[in-house]
Each structure stands twice: as structure tokens, then as C-alpha cells.
Amino acid sequence: MSQPALKTKADAVVAAFPSPKSATVLPLSPSEPARAGRLLAKAGGRARQVAVNVLPPLVTLALILLVWQMLTAKAGATLPSPTTIWAESKDLITQPFFNFGPQDIGLGWRVMVSLQRVAIGFGIAAIVGVLVGAVIGQSVWAMRGLDPVFQVLRTVPPLAWLPLSLAAFRDANPSAIFVIFITSVWPIIINTAVGIRNIPQDYRNVAAVLRLNSLEFFWRIMIPSAAPYIFTGLRIGVGLSWLAIVAAEMLTGGVGIGFFIWDAWNSSKLPDIVVALLYIGVVGFVLDRIVALIGRVATRGTATA
Amino acid sequence: MIARPYLKLDQIDKSFTRGGRTSEVLKGIELAIDKGEFVSIIGHSGCGKSTLLNIIAGLTPVTQGAVLLEDREVNAPGPDRAVVFQNHSLLPWLTVYENVRLAVDKVFGRTKSKVERHAWTLHNLDLVQMGHARDKRPSEISGGMKQRVGIARALAMEPKVLLLDEPFGALDALTRAHLQDSVMQIHATLGNTVIMITHDVDEAVLLSDRIVMMTNGPAACIGDVLSVPLERPRKRLEAASDPAYLKCREAVLRFLYERHRYVEAA
Ligand SMILES: Nc1ncnc2c1ncn2[C@@H]1O[C@H](COP(=O)(O)OP(=O)(O)OP(=O)(O)O)[C@@H](O)[C@H]1O
Ligand SMILES: [Mg+2]
């Protein structure tokens, strides 16, 4: 790789740009508790609450950046330092949605493309997973027979499915979607099945006395009662989907965020890769929080039975 | 020809088999109940009262014998035998109104219009004085209130037989007395046929027309049936000093603590 070029650039930037983040964030921390204390007297614990929640991550972030900068600023470092990344990939960070032609688009657009694939693959996995899980959870024998199979398939890494998937679909996009589906469906099935098995006998009795038919039983009893379990499965599943999409796109191409990383690696743009990693991390975090939030809203009643 | 009973338990046996071991719980249960009658079942813990109630409800299959309602065998659960479960069994994700409405929609979906079903739901909630809490969820109301909603849900099905499994077991004495009065009043107004399991001798005597006393398990059967010759409507305080009341109370106590003392399983 082109290490000499990277190195010289890094040195130049460090000189002109003495670690901006650590300089602004670190001094804030000693004064903040005092300020929070004064606010506490007036506005109650609210400001303190915010400070307690926001400060530690900011301090940690500053420390990480500082250590990172120190480790990579030296001559001969193989990885880019924060300042290098800022200098070289500023446009990627600050402008997620530029569009300069088919392969030169902002990371926001790329994330959108990847999210679209995840939406399809994960959407199918959610529907199939809940339905299959519901059927399996209803039957002791299906559970006994299929659970070991699922437990084995569950551990297969996403990329291991890709060759089979490519052979079956002969096209990159459906293959990527299939890999997402097959990676994320297992935890959904398993958790749904456990949730269905744990439906209290009382609710089954109520359904029996009311003579609910299977469709009504599914919607009125099964889904709400198993919802906490189902959402645990969905949350694990969405995380796995996001893991799978990046890996799959690296191999199948296209304009997703995964392919971007592969492309950046091939053209030795390490700073771009770091920025893409940040995007992936943040998006994965947001996805997880969204599913968790939906779960919390949807299971309002059930959790406090 | 003898008049046919409304509800008949015909030589019911019940045994559970688990892991190759069979345990006999009920043996030769024979009972006839008239329409509009209020029958209590009393017996020591574990003798099989809930099992018997679940058999009548159709939730548990019999091993031998049959349950006949209006001369027809019933062996599956249905809204004509509504159950009020010991632990209320309200669906926690539905509001008080929705819990009752679910039953109303299911039973009267074809015969009543939407407006009528709404009105009928509210009517039954008012019957147990729960109209004010109709938009609350079960987790937001007290135990006694939940039990009321459970009763409203059962009543809303207009069941032929109302089955109550220790409906007030988990409640404090005051709430309990209050709900007992409600049930007595509802029974007086609607004339339902009611079967109630209880551990409480006073509750049994005050509410019932007849008290069915069960022997201890295994292979429990009906040890004795006591008629309660008290005039209705019954008043809690007046009844307590009525000689007939005291006599019934003594008879039940004598049965439970003398003739069929609770024996600890060896
Ligand atoms: N599904 C079952 N499988 C095996 N045994 C059972 C089952 N259900 C009940 N039993 C047994 O049947 C007996 C009677 O149980 P049941 O719940 O009917 O008693 P109960 O009279 O209602 O007691 P309690 O007053 O404590 O509620 C018990 O010994 C119990 O262990
Ligand atoms: Mg019981």
C-alpha cells in the first residue's frame, strides 16, 4: 500500500491542526459538576440528569480521540489519525447527501441503499420468523424436532450463506437480501417460539371459553402475549441484518455502504473507511434503538401484567 | 317421569397420567343442579375442586362420565359456561372496556349491532360498578376491581351457567364482603345458575342455595350436600344471627374439620 504518502500527510496535518476535539472538550469536565450543582438548587435534578447522561460519553469520546491521535500521529503509523481523517474525508462527514454521479454519492445515500436491502430482507425475516415461530411454539414436537436444527443454523456466519445464495439467485441484489433474511430469521423464530410456549394457561383458557378461532387467537392473544419475546428476537435480528448487509455488499457490489468500504480499500482510502465505519456504527445503533422503542410502545401493557 | 335437571354431572371420574403414573383425582361425582340455583363447592385444598370446575367449563376432559347441560353433553369450552378465574385472567394489553368488549363481540357479533354491543359492554361494567375505570388497563386497577371486571366479562356472555373459581380468594375481608353482596344482587336480578368454589364457610352459607362438600383426595367425591334454607334476599348482618344460618355453618365446619380432616400427604 501507499504508506509513505499517508505518513507525510498525517504529519503535515498534525502540525497545522493540533487536535481540536480534545482541546475543546476536556476543559469542560471539571467545571461542569459545579455548574450542575448550582442548577440543581434551582431547577431540581434535571440539569444534573442531563449532565450525568451526556458528560461521560463525551469525556470517553475525547479520551479515545486523544489516545488514537497519539498512537497514529507518530511517523510510521499504518492507520490514519483523527486529524488525517478530518482533513481527507471532511466532505464525507459533513455532506452525507451529495450526488456527483453514479458512483460518487454521499454516505447518507449509500446507507439508504443498504437500509433498503435490510428493510426488505429483515421485513421478510420478521414476518416469516414470527409465523414459523408461532407454529413451532404451539407444538411440543415441532419444538423438539426443529430447535436443534435452528440452534445449529443460527451460528452459521452471514457470509457462509453467500455462495449458496449467489448460486441459487444468480444475481447480486436478491442474494444480499437472502443473506440478510437467513441471518436474521433464526433469533426471531426461536424467540417467538419461546414466547408462544410461555403464554400463560390462563390466557389460553380465556380464549377457549370465548371460542376464539385460530386467527383471532393469533392476533388477540398470541402476538400481544409473546410480544416481549418477539421484540427481543427482532432486536437481535436487526443487529444481525446490519452485520450481514455490510459483509454481503462487500462481495456483491452495488452502491451500498458495504461496497463503499471495499472500494475505498482497493483505492487505499483508509480515512474514508473509518468514516464509513462510524456511519455503520451509528446507523446500527439507531436501528437497534428504533426496534427497542417500538417494542417498548407495543408491549406497554404486557410487561406490567 | 322425573323432571330433568338443568345441569347434570353424571358419574364423573378424573385421573391424570403423567410419566406413566396415574393419579386418581375425582371418583364418581354425581350432582344435579337446577336452573337459577346457586351452588357452592367447598373442600380442602388439593381435593380437586378446580379440576371439577374446569371439567364443567370443558377446559379439562373427563376420564369417565359426562357433563350434561339441558340434556346435551358438553365436552368443549364455550361462552354458555363462562368462568371467572381465581386470578382474574384479564388480558393485560387490553383496557377494562376492551376486555369485556372482546367477549361481547365474540358472543354477540352476529346478533347485536355495534352500537348495541357497545351499550351492552357498558351496561355490564356498570353492573359491577366499574364503568368509571373503563379506559384503565388491568395493571392500573386494584385486585378487587380486576375481579369485578372478570365478573362483568363473564356476565356479558349471558352464560347459562356462571362458574366462579374462588373468585374472592385473594381479596381483603372488606372488599370481599362488598363483592359478595354484588354477586348476590346480580344473582337476584338476573337469576343465573351459579357454581362457586370457595374456601370460606361464611361465604358458602351466605351465598348458596346448596353447599356441595367434597371429601379429601385422592379419588375425592361428594361427601355431603347441604341445603341452606335461608330466605332471599339475605342480609349479611341479619343472617349472621339467624339460627338456620348458624346451623348450616356448624354443619359445614363439622364436615370439614371432623369427618374429613385435612390430612397432610405422607
Ligand atoms: N394437569 C394436571 N396434571 C396432573 N395432576 C393435576 C393436574 N391438575 C391438577 N392435578 C392434581 O389434582 C389434584 C386436585 O387439584 P385441584 O387444582 O383441582 O385442587 P383444588 O381443590 O382446586 O385445590 P385448591 O383449593 O388448592 O385450589 C391435585 O392433587 C393436583 O396435583
Ligand atoms: Mg383450585
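Residues numbered from 1 in each chain as written. Chains lettered and ligands numbered in written order. Predicted model: local features only at pLDDT ≥ 70, side-chain atom pairs only at ≥ 80, totals over all residues. Heavy atoms only, no water.

Caption draft 1: The site of ligand 1, seen in detail. Residues and elements named next belong to chain B. Every residue near ligand 1 is listed here: Phe16, Arg18, Val25, Ser45, Gly46, Cys47, Gly48, Lys49, Ser50, Thr51, Glu166 and His199. In this structure, Ser50 approaches ligand 1 through a side-chain N or O atom, which is 2.7 Å from an oxygen atom. Within the complex, the protein chains bury 62% of what would otherwise be the 630 Å² of accessible surface of ligand 1. Among the secondary structure elements, those contributing two or more residues to the shell around ligand 1 are strand E1 (7–18) and helix H1 (49–57). Top contributing element to the shell around ligand 1 by residue count: H1, with three residues. Here the residues of the shell around ligand 1 sort into three nonpolar, six polar and three charged. (Near = heavy atom within 4 Å. Polar contact = N/O pair within 3.5 Å; in protein donor to acceptor, adjacent residues only side chain to side chain. Areas by Shrake-Rupley, 256 points an atom, 1.4 Å probe, with all protein chains shown as cover. Helix = DSSP H or I, 4+ residues; strand = E, 2+ residues; numbered from the N terminus. Nonpolar A, V, L, I, M, F, W, Y, C, P; charged D, E, K, R; others polar.)

Caption draft 2: Highlighting helix H4 (residues 143–156) of chain B. Counted at 1.5 Å a residue, the expected span for H4 of chain B with its 14 residues is 20 Å, and the 20 Å between its end C-alpha atoms agrees. For H4 of chain B, the buried fraction is high: 12 of the 14 residues fall into the buried class. Residues of H4 of chain B that are buried include every one of Gly144, Lys146, Gln147, Arg148, Val149, Gly150, Ile151, Ala152, Arg153, Ala154, Leu155 and Ala156 of chain B, and no others. Here the buried face of H4 of chain B lies against helix H10 (201–210) of chain A together with strand E6 (81–84), helix H2 (96–108), helix H3 (114–127), strand E7 (161–165) and helix H5 (173–190) of chain B. Positive phi appears at Glu158 of chain B, one or two residues downstream of H4 of chain B, with a value of about 45°. (Expected span 1.5 Å × (residues − 1). Buried < 20%, exposed > 50% of the residue type's maximum accessible area, 1.4 Å probe, protein only. Contact = heavy atoms within 4.5 Å.)

Caption draft 3: Main features of the packing of helix H7 (residues 140–154) of chain A against helix H9 (residues 172–197) of chain A. Residues and elements named next belong to chain A. Between H7 and H9, the shortest axis-to-axis distance is 10 Å and the interhelical angle comes to 150°. Taken as axis vectors, H7 and H9 run roughly antiparallel relative to one another. Of the two elements, H7 crosses H9, and the hand of that crossing is left-handed. The segment H7 lies against H9, with Met143, Phe150, Gln151, Leu153 and Arg154 engaging Trp186, Ile189, Ile190, Ala193, Val194 and Arg197. When grouped by side-chain class, the residues that make up the contact of H7 with H9 number eight nonpolar, one polar and two charged. (Axes fitted to C-alpha atoms, helices over the stretch in contact; angles between N-to-C directions. Parallel < 35°, antiparallel > 145°, perpendicular 65-115°, else oblique. Left-handed = near helix turned anticlockwise from the far one by under 90°.)

Caption draft 4: Main features of unusual backbone geometry. Residues and elements named next belong to chain B. The linkage connecting Arg232 with the following residue, Pro233, adopts the cis geometry, with an omega of -5°. One non-glycine residue, Glu70, adopts positive backbone phi at about 50°. The residue Glu70 is located in the loop between strand E4 (64–69) and strand E5 (72–73) in this model. Of note, the phi angle at His88 is positive, near 60°, even though the residue is not glycine. Looking at the secondary structure, you find His88 in the loop between E6 and H2. Since its relative accessible area comes to 22%, His88 is described here as partly exposed.

Caption draft 5: Just the environment of Lys8 of chain B, in detail. Residue and element names in this part refer to chain B. Residue position: Lys8 is located in strand E1. Given a relative accessible area of 23%, Lys8 falls into the partly exposed group. Contacts of Lys8, omitting those with residues within four sequence positions, involve Glu30, Leu31, Ala66, Val67 and Leu68. In this structure the side chain of Lys8 is engaged in a polar contact, spanning 2.8 Å, whose partner is the side chain of Glu30.

Caption draft 6: Examining the interface of chain A and chain B more closely. Taken residue by residue, the interface counts 20 residues in chain A and 22 residues in chain B. Here chain A meets chain B over a buried area of about 1900 Å², counting both sides, of which 66% is carbon and sulfur. Three residues stand out in chain A for area buried against chain B, namely Val209, Leu210 and Arg220 of chain A, and they jointly supply 33% of the buried area on that side. For the interface between chain A and chain B, the tally reads one salt bridge. Residue Glu216 of chain A pairs with Lys106 of chain B through a salt bridge whose shortest N-O separation is 2.8 Å. The interface formed by chain A and chain B includes four residue pairs in polar contact (both at pLDDT 80 or more). Listed by contribution, the elements that provide at least two residues to the side of chain A that touches chain B are H10, helix H11 (214–252) and helix H14 (300–303) of chain A. Considering every element that reaches the side of chain A that touches chain B, the biggest residue donor is H10 of chain A, with seven residues. Along the lines of polarity and charge, the residues of the side of chain A that touches chain B split into nine nonpolar, six polar and five charged. (Buried area = accessible area lost by both parts, 1.4 Å probe. Salt bridge = Lys/Arg side-chain N within 4 Å of Asp/Glu carboxyl O.)

Caption draft 7: Structural context of the environment of Val111 of chain A. By the element assignment, Val111 of chain A lies in helix H6 (residues 107–138). With relative accessibility at 6%, the residue Val111 of chain A sits in the buried group.

Caption draft 8: Region of the structure containing the confidence of the model for chain B. All names here are of chain B. Per-residue pLDDT for chain B averages 90, and the proportion of residues at 70 or more is 97%. Within chain B, no element has a lower average pLDDT than helix H7 (residues 236–240), which sits at 87, and none a higher one than strand E3 (residues 38–42), at 96. Quick note on the complex model: pTM equals 0.78, ipTM equals 0.88. (pLDDT = per-residue confidence, 0-100.)

Caption draft 9: Fine view of the pairing of E4 of chain B. All names here are of chain B. Two strands pair when backbone bridges link them, and E1 and E4 are joined in this way by five bridges, in the antiparallel orientation. Residue pairing for E4: Lys8 is matched across the bridge by Leu68. In sequence, E4 turns back onto E5 through a hairpin of two residues, with Glu70 there showing a positive phi of about 50°. (Pairing = 2+ DSSP bridges.)

Caption draft 10: Quick look at the pattern of salt bridges. Residues and elements named next belong to chain B. A complete count under the given rule lists 19 salt bridges over all chains for this structure. Close ionic contact of Arg249 with Asp202 constitutes a salt bridge, the shortest N to O distance being 2.6 Å. Taken as a pair, Arg249 in helix H8 (residues 243–259) and Asp202 in helix H6 (residues 201–207) lie far apart in primary sequence, 47 residues in all. Within this structure, Asp13, Glu24 and Lys27 form a network of salt bridges that share partners.

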